[in-house]
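# An overview of the molecular structure
Residue strings, one per chain:
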Amino acid sequence: MSETISTALKNARKIVIKIGSNTLAKADGTQNIEFMASFARQCKKLIDQGKQLAVVSSGAQVSGVSTLKEWARKKDVHFRQALASIGQVELMAQWRKAFNDQGLHIGQLLFTKEDFEDSHRSLNIRNTLFTLADEGVVPIINENDSVSTDEFAIGDNDNLSALTAILWSADLLILFSDIDGIFTDNPKTNKNAKLIETVNSIPELRASITIGETNAFGTGGIETKIQAAEKTTVYGIPMLLANGSTENILEKLSSGEAKGTLFTADN
């Protein structure tokens, strides 16, 4: 399996990488700045190999909580949207520093569901992504949580990253979460759960696993990751799910040292 993952990374020129809230947050809920610095360094190595990257970054609300701790328990939608507004600034500031330390510039893109449903807007998104990547700038993408409501929200960054990968005609989508991949059951509660390293049929996968609930920080879960794979593989884009908290995870996936779940593309 490791050879399959490393081959997928080797063959991909355009890669979308989604980083979940649990990867970007420490146990106390504050920003994991050390991860961001390490991730940017690994991205620089891939870019030096001729690859283009787009990063879908969760963590706006986590960053907002880090800044305004007294708002952490407020559940009112207006406070949550305001928190995302504050946190997005902090999030981008940390990403800017991390990539600047590697001599790279970043660009911010915030989307809502409507942006992908409107052909004129989606064409503009595509053109902007191509321009940024062609000029060596790393797009940092998130849902526009400050203005999105249930009616207009994509709802999670797993599906947002899949839509981005399709629109940008990416060669590979990588989802970083706090788990090693898809297991037959929840590995945190069932020690006998086994990692599924390759998925060739998503309907067969759904019939053979137990899908748990969402996690504490994120809006997604295993279900949204499978939904993302359903979207991309139809377009011939494989999807890889791996544990973002593993040290030097991009390098280890490239070398075959780290495992994950690879959803193969439909041909």
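Keep in mind the model is a prediction, meaning the values are calculated, not measured.

## Here we look at the overall build of the chain
In terms of helices and strands, the chain carries 11 helices and 10 strands. In the chain, which comprises 267 residues, the proportion classed as buried is 50%. For the chain, the share of sequence-separated contacts (at least 6 apart) that also reach a separation of at least 24 residues comes to 74%. Carbon and sulfur atoms make up 48% of the accessible area of the chain, which amounts to about 12,500 Å² in all.

## Notes on the pairing of strand β2 (residues 52–57)
Taking burial as the measure, the 6 residues of β2 include 6 buried ones, the bulk of the element. Every second residue of β2 is oriented toward a common face, with Q52, A54 and V56 on one face and L53, V55 and S57 on the other, all of them buried. Where strand β1 (residues 14–19) meets β2, 6 bridges bridge the pair, whose relative direction is parallel. Bridge assignment links I19 to a residue of β2, and that residue is S57. As paired elements, β2 and strand β4 (residues 138–143) share 2 bridges and run parallel to each other. Opposite V55, over in β4, you have I140 as the bridge partner.

## Comments concerning the environment of T233
Within the secondary structure, T233 is located in helix α10 (residues 222–234). Owing to a relative accessible area of 4%, T233 belongs among the buried residues under this scheme. C-alpha separation for the pair T233 and T264, spaced 31 residues apart in sequence, amounts to 6.7 Å.

## What about the pattern of salt bridges?
For side chains bearing opposite charge, pairing can occur when the charged atoms are close. In total, this model carries 12 salt bridges according to the counting rule given. The salt bridge involving R41 is made with E251; its shortest N-O contact spans 2.9 Å. You can see R41 sitting in helix α3 (residues 33–48) and its partner E251 sitting in helix α11 (residues 249–255), a full 210 residues away along the chain. What makes R41 partly exposed here is its relative accessible area of 27%. Taking the relative accessible area as the measure of exposure, E251 reaches 24% and is therefore partly exposed. Counted as one network, the salt bridges with shared partners bring together K18, D158 and K225.

## Brief notes about the nonpolar core
V16, I141, I182, L205 and F263 are the most contacted members of the largest nonpolar core, which totals 36 residues. Among the elements that line this core, the one with the most residues is helix α8 (residues 157–167), at 5 residues. Setting aside anything within four residues of it in sequence, one finds F263 in contact with I182, V199, I202, L205, A229, T233, P238 and M239.

## Details of α10
Because each turn of an α-helix spans 3.6 residues, side chains separated by three or four positions in sequence point in the same direction. Given a rise of 1.5 Å per residue, 13 residues ought to cover 18 Å, and the 19 Å separating the end C-alpha atoms of α10 matches this to within 8%. The complete set of buried residues in α10 reads I222, T224, K225, I226, A228, A229, T232 and T233. Phi turns positive one or two residues past the end of α10, at G236, with a value near 80°.

## Re the sheet that holds strand β3 (residues 106–111)
Pairing within the open sheet is mixed, and its 8 strands lie in the order β3-β4-β2-β1-β5-β9-β10-β8. Pairing within the sheet leaves two strands with one partner each, and these edge strands are β3 and β8 (198–199). Lying over the sheet, helix α7 (residues 119–134) contacts β1, β2, β3 and β4, oriented at roughly 165° with respect to β3. Along the sheet, α10 makes contact with β1, β5 (172–177), β9 (239–243) and β10 (261–263), crossing β9 at roughly 150°.

## Remarks on the pairing of β5
Summarising burial for β5: 6 of the 6 residues are buried, a large majority. Side chains L172, I174 and F176 of β5 all project onto a buried face; the interleaved residues L173, L175 and S177 project onto the opposite face, where all are buried too. Where β1 lies against β5, 5 bridges are found, and the strand directions are parallel. Directly across from I19, in β5, lies its bridge partner F176.

Definitions and limits used
Residues numbered from 1 in each chain as written. Predicted model: local features only at pLDDT ≥ 70, side-chain atom pairs only at ≥ 80, totals over all residues. Heavy atoms only, no water. Helix = DSSP H or I, 4+ residues; strand = E, 2+ residues; numbered from the N terminus. Buried < 20%, exposed > 50% of the residue type's maximum accessible area, 1.4 Å probe, protein only. Contact = heavy atoms within 4.5 Å. Areas by Shrake-Rupley, 256 points an atom, 1.4 Å probe, with all protein chains shown as cover. Pairing = 2+ DSSP bridges. Salt bridge = Lys/Arg side-chain N within 4 Å of Asp/Glu carboxyl O. Core = buried A, V, L, I, M, F, W, Y, C linked by side-chain atoms within 4.5 Å. Expected span 1.5 Å × (residues − 1). Axes fitted to C-alpha atoms, helices over the stretch in contact; angles between N-to-C directions.

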